[in-house]
Amino acid sequence: MTQCQILDHPLITHKLAILRDKETDAAQFKATLASLTALMSHAVFAHLAAEDVVIDTPLEAMTTQKLAKPPVLVSILRAGNGMADSFFAICPEASLAHIGAQRDPETHLPEFYYEKYPADLAARQAILIDPMLATGGSAIMAADRLKEKGVSDIVFTCLVAAPEGIAAFHDAHPDIRIITAALDRELNDNCYILPGLGDAGDRIFNT
Ligand code: PRP
Ligand code: URA
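As a starting point, this report considers the structure included with it. (Residues numbered from 1 in each chain as written. Chains lettered and ligands numbered in written order. Predicted model: local features only at pLDDT ≥ 70, side-chain atom pairs only at ≥ 80, totals over all residues. Heavy atoms only, no water.)

**Some details on the packing of helix α2 (residues 26-44) against helix α3 (residues 81-90)**
Operational definition: Simply put, an axis is a line fit to the C-alpha atoms, just over the touching stretch for a helix, and the angle between two N-to-C directions goes from 0 to 180 degrees. Secondary structure elements follow DSSP: runs of H or I no shorter than four residues count as helices, runs of E no shorter than two count as strands, and numbering proceeds from the N terminus. Comment on the angle field: the value is read as roughly parallel under 35 degrees, roughly antiparallel over 145, roughly perpendicular from 65 to 115, and oblique elsewhere. When the near helix sits turned anticlockwise from the far one by under a right angle, the crossing is termed left-handed; a clockwise turn instead gives a right-handed crossing. In what follows, residue pairs with any heavy atoms lying within 4.5 Å of each other are defined as contacts. For this scheme, ten residues count as nonpolar: Ala, Val, Leu, Ile, Met, Phe, Trp, Tyr, Cys and Pro. Four count as charged, namely Asp, Glu, Lys and Arg, and the remainder, Gly too, count as polar.
At a closest axis distance of 8 Å, the pairing of α2 and α3 adopts a crossing angle of 60°. Overall, the two elements α2 and α3 adopt an arrangement that is oblique. Judged by the twist between their axes, the crossing of α2 over α3 is right-handed. On α3, the residues that touch L33, A34, T37, A38, M40, S41 and V44 of α2 are G82, M83, S86, F87 and I90. Grouping the constituent residues of the contact of α2 with α3 by class yields eight nonpolar, four polar and no charged.

This is how it looks when you write it as structure tokens:
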């Protein structure tokens, strides 16, 4: 059963309000997205597997924990990169993989165009990243590809989710937890999220 975790934090909501505001320019959008993603990372990385290790502090030996295996961050191009770089900065031990998907403007269906993964992908936990979960088509396709490659432990994280996207993703991938900064009202006729923040890729990359 898909768990959908909506992050309830005043600073996350504050930063998301800046991103939603149409007056926010690309420079401020990028900077705010980076710091918002850093705030989300606490929840997003909370499910990583850890293992006991013995280390020597300057004063004595102790048993503590380190990551069993660093995760693979999987950015859904292109807008996913606006968040993935921030997660990567916080967890530089991770690998950063990419899946290229672009929605067709007429059908709203994702078209796959690129993928690149580490060789041991199947043995690692994956964090799938895209700011927007609208119809769910892009995230579902990306999760399909990860599972085809043998990945069994996946978390999907986004900034803004639509109820339609959560329902579709749940139907396709009931085992994958969704972690989102907000759950919005609905999709419009062009499958954009309302109230949303517009086209995430265009706002990040100033296109
Ligand atoms: C946007 C967004 C998601 C997708 C969400 O990407 O970044 O990938 O739409 O919509 P969906 O849930 O209906 O699939 P877009 O296809 O516009 O590509 P871009 O990131 O290159 O701008
Ligand atoms: N993609 C976006 O970037 N924004 C939306 O609202 C929907 C899909």
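Let us keep going from here.
**Description of the layout of surface pockets**
To keep it simple, the criterion reads: The way it works is a 1 Å grid over only the protein atoms, where trapped points that fit a 1.4 Å probe form a cavity and open points with protein on both sides within 12 Å along at least five of seven lines form a pocket, and then any residue with an atom within 4 Å of a point lines it. Grid points are joined across faces, edges and corners, and a volume is the space filled by probe spheres set on the points.
One number sums up the size of the largest pocket: a volume of about 640 Å³. Around the largest pocket, the lining comprises 28 residues; the ones closest to its centre are Q102, R103, S138, Y192 and D199. Among the secondary structure elements, those contributing two or more residues to the lining of the largest pocket are β4 (72-77), β5 (95-103), β8 (132-133), α4 (137-148) and α6 (200-205). Across the lining of the largest pocket, the residue classes tally to 14 nonpolar, nine polar and five charged.

**Observations regarding the site of ligand 2**
So the rule is basically this: Working definition: residue near molecule or strand if any one of its non-hydrogen atoms lies within 4 Å of it. Whenever two N or O atoms come within 3.5 Å, that pair is a polar contact, provided that in protein one can donate a hydrogen and the other can accept it, and provided that, for residues adjacent in sequence, both atoms are side-chain atoms.
The immediate surroundings of ligand 2 are formed by R103, M132, A134, C191, Y192, I193, G198, D199 and A200. In this structure, an oxygen atom belonging to ligand 2 sits 2.8 Å away from a main-chain N or O atom of I193. Contact between ligand 2 and G198: a nitrogen atom at 2.8 Å from a main-chain N or O atom of the residue. Residue composition of the shell around ligand 2, grouped by class: six nonpolar, one polar and two charged.

**Comments concerning helix α5 (residues 163-172)**
We apply this condition: Each residue is placed in one exposure class: buried if its accessible area under a 1.4 Å probe, protein chains only, is under 20% of its type's maximum, exposed if it is over 50%, and partly exposed if it falls in between. The directions considered for the arc run from the helix axis to the C-beta atoms.
Taken residue by residue, α5 has G165, I166 and F169 as its buried positions. Angular distribution of buried residues about the axis of α5 spans 100°; they occupy a single face of the element. On the buried face of α5, the contacting elements are β1 (4-6), β8, α4, β9 (154-161) and β10 (177-183).

**Let's talk about the environment of C191**
Looking at the element boundaries, C191 is found in the loop between β11 (186-187) and β12 (193-194). Classification of C191 as buried rests on a relative accessible area of 16%. As a C-alpha pair, C191 and E164 span 27 residues in sequence and 9.7 Å in three-dimensional space. Once you skip the residues sitting within four places of it in the chain, C191 turns out to touch R103, H108, A134 and T135.

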